[in-house]
Amino acid sequence: MDAADPRNAPAEKQLEKSKTQSIRSSTSIDDDDKVLEQIGYVPSFKREFSNLATISFAFSIMGLCSSIATTFNTPLLLGGPSSVTWCWILGACMCFTLGISILHVIALPSMYTASAQLCPPRHRAIVGWVVGWLNILGQIAGLSSTEFGLANMIWAAVVIAKDGDYVVTQGKVVGLFAGLLVFHGLLNCLATRYLAKLTTSFVFVNLGATALIIIVLLAMTPRSEMHPASYVFGSAGIVNQTGGWNDGIAFLFGLLSVQWTDYDATAHISEEVKRAAYAAPSAIFIAVVGTGLIGWLLNIVVVLCSGPLENLPGPSGSAFLEIMAMRIGKPGALFLWTFVCLTAFFVCQTALQACSRTVYAFSRDHGLPDKGYFGHVSSWTMTPLRSIWFTTIIAIIPGLLDLASPIAANAIFALTAMALDLSYIIPIFLRRLYSNHPEVNFKPGPFYMGDGLLGWAANVTCIVWTLFVCVIFSLPTIIPVTKENMNYASVITAGVIILAMAWYYLGGRLHYKGPSSNIPHYEDAATFGDPKEKEQGSMSENA
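Notes on the structure in this doc start here.

Rules and cut-offs
Residues numbered from 1 in each chain as written. Predicted model: local features only at pLDDT ≥ 70, side-chain atom pairs only at ≥ 80, totals over all residues. Heavy atoms only, no water. Disulfide = S-S within 2.5 Å. Buried < 20%, exposed > 50% of the residue type's maximum accessible area, 1.4 Å probe, protein only. Patch = residues over 30% accessible without salt bridge, like charges linked within 9 Å, V, L, I, M, F, W, Y side chains within 5 Å. Areas by Shrake-Rupley, 256 points an atom, 1.4 Å probe, with all protein chains shown as cover. Salt bridge = Lys/Arg side-chain N within 4 Å of Asp/Glu carboxyl O. Helix = DSSP H or I, 4+ residues; strand = E, 2+ residues; numbered from the N terminus. Core = buried A, V, L, I, M, F, W, Y, C linked by side-chain atoms within 4.5 Å. Contact = heavy atoms within 4.5 Å. Axes fitted to C-alpha atoms, helices over the stretch in contact; angles between N-to-C directions. Parallel < 35°, antiparallel > 145°, perpendicular 65-115°, else oblique. Left-handed = near helix turned anticlockwise from the far one by under 90°. Nonpolar A, V, L, I, M, F, W, Y, C, P; charged D, E, K, R; others polar. Polar contact = N/O pair within 3.5 Å; in protein donor to acceptor, adjacent residues only side chain to side chain.

The subject of this paragraph is the state of the cysteines. Inspection of every chain in the model, using the stated rule, returns 0 disulfides. For the unlinked cysteine C95, the closest cysteine sulfur is that of C93, found at 9.3 Å. The buried category is assigned to C95, whose relative accessible area is 3%.

Below you can see the structure in the form of structure tokens.
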């Protein structure tokens, strides 16, 4: 048949369209790689995460229904129902300022890399060292606490299924916790393209499960048994069960639920994201806003339908699941709980992926005492297999606290929020402190808010707020304080910082010079970028 035959036209158009899309995709990847090369990096991973997969990743790391279910006991049983309701939206608004402040530096591979780029060369090593250790500590604690929460959620379902006639021991919890971590380690060994495909579905399960719980709870709870507004939003809902703290402190303990998340996780996989300069910040923004608003609605509905407070958390130990079982019935509650557990499973999957990339980068830069062993990418999967298993094994350690004290084990939730949030505000603070420094070559990303009032307000607010919640999360939640109920989060965080600083000055500074280039013969990390360009940029800024 002749090539000019009109019947061939649709096929030719489709072929031409496919070629155009391929060229655009290739151009986008090339542009992302050029941005990395400008700051001294050759991409180590394949870019397989689409816009949808990136948004799904960002939503998954924040958890939504699983994060609320895991931490629901803390605000409800310490500060009361009003703490659940108001602390979520208060914390979400403050976290929004933190999220948009992170967008200032999201054009760089991670907050760890950004922190060292936002200060003069003489401070680059020590800043990178502190931020790197804080971020790794927070991410490992976050992975461990999420996996620990998932193990408790699964055992809570078993107790409900057995009508309370089942004893869950600490050994069972820790055993399941360790087994889940190893399973997630195996999943993360998949090549990036498979991880991207797997991640794409996460957001639909997350949002779908949340919507179903909201709808079914409202439909199955008689209007006469719903709590009044004064209980959900007012003073009647402030129930102090801390044993000694005043009502204000008890109320603020509810902030743990919303602060417990990894906002910059999407930045850690930016080398695996297509159109990363736009896709990663957009995904973080959408996930922060969506999680804040939808999570608030879910909290309101669960409190509204919660029944008598004295009956919670019930035999299962999970107030969230007990409320679902009371209103929906055991079969329906366990069916929906399966999707909540699946959402928590997704959080662990994405958390391990993000954390392993940070460990990889820190090892590559000789921040770990491993001579760069974990800074290796497998030629088979094009993923950092060594750092994945290092992260998996180390994440088991915090969960072992449960064998000593279940209350002490809850410290890993607070530890996550403290360490991660502190690692976020350091680069945000440096951006403002050295905004006009001639040796700092800051290249704003596409979502930079500028140096006006809006940007300053967001940055100052998130820094002050983070320091405030770190104080709250350092406090023991129950008084009088004993060795069993002591909050070890502040002790662990301070201990890691002190040991890391001691190690740096005793020997770490000899081999660690900050985030370093992986381009052969590239100029030292302290001088990323061409000096002439820096000088011209500085002159134009001053002008």
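Moving on, there is more to tell.
Let us look at a nonpolar patch on the surface. Taken together, the side chains of F96, F285 and I286 present a nonpolar region at the surface, about 240 Å² in accessible area. Mapped onto the fold, I286 is located in helix α15 (residues 276-304). Relative accessible area serves as the criterion here: at 36%, I286 is assigned to the partly exposed category.

What follows covers the nonpolar core. Counting residues in hydrophobic clusters, the biggest one holds 132 residues, and the most contacted among them are F72, F320, W337 and F473. For this core, the element with the highest residue contribution is helix α7 (residues 121-161), accounting for 20 residues. For F72, the contacting residues outside a window of four places in its chain are V84, N299, V302, V303, A319, F320 and I323. In this structure, F57, A196, A279 and A354 belong to the second largest nonpolar core, which totals 9 residues.

Viewed as axis vectors pointing N to C, helix α21 (residues 411-433) and helix α22 (residues 453-474) meet at an angle of 150°, and their least axial separation amounts to 9 Å. In terms of their interaxial angle, α21 and α22 are classed as roughly antiparallel. In this structure, α21 crosses over α22, and the sense of that crossing is left-handed. Each of A414, A417, M418, D421, L422, I425, I428, F429 and R432 in α21 lies in contact with α22, whose residues at this interface are G455, W456, N459, C462, I463, T466, L467, V469, C470, F473 and S474. Class assignment of the residues belonging to the contact of α21 with α22 gives a composition of 14 nonpolar, 4 polar and 2 charged.

Attention now goes to the side chain of S56. Locating S56 in the fold gives a position in helix α2 (residues 51-62). Residue class for S56 comes out buried when judged on its relative accessible area of 0%. A polar atom in the side chain of S56 sits 3.4 Å from the backbone nitrogen of F202. Excluding its chain neighbours within four sequence positions, the residues that come into contact with S56 are T199, T200, S201, F202 and V203.

So far we have only geometry, and geometry alone does not tell us how the molecule works.
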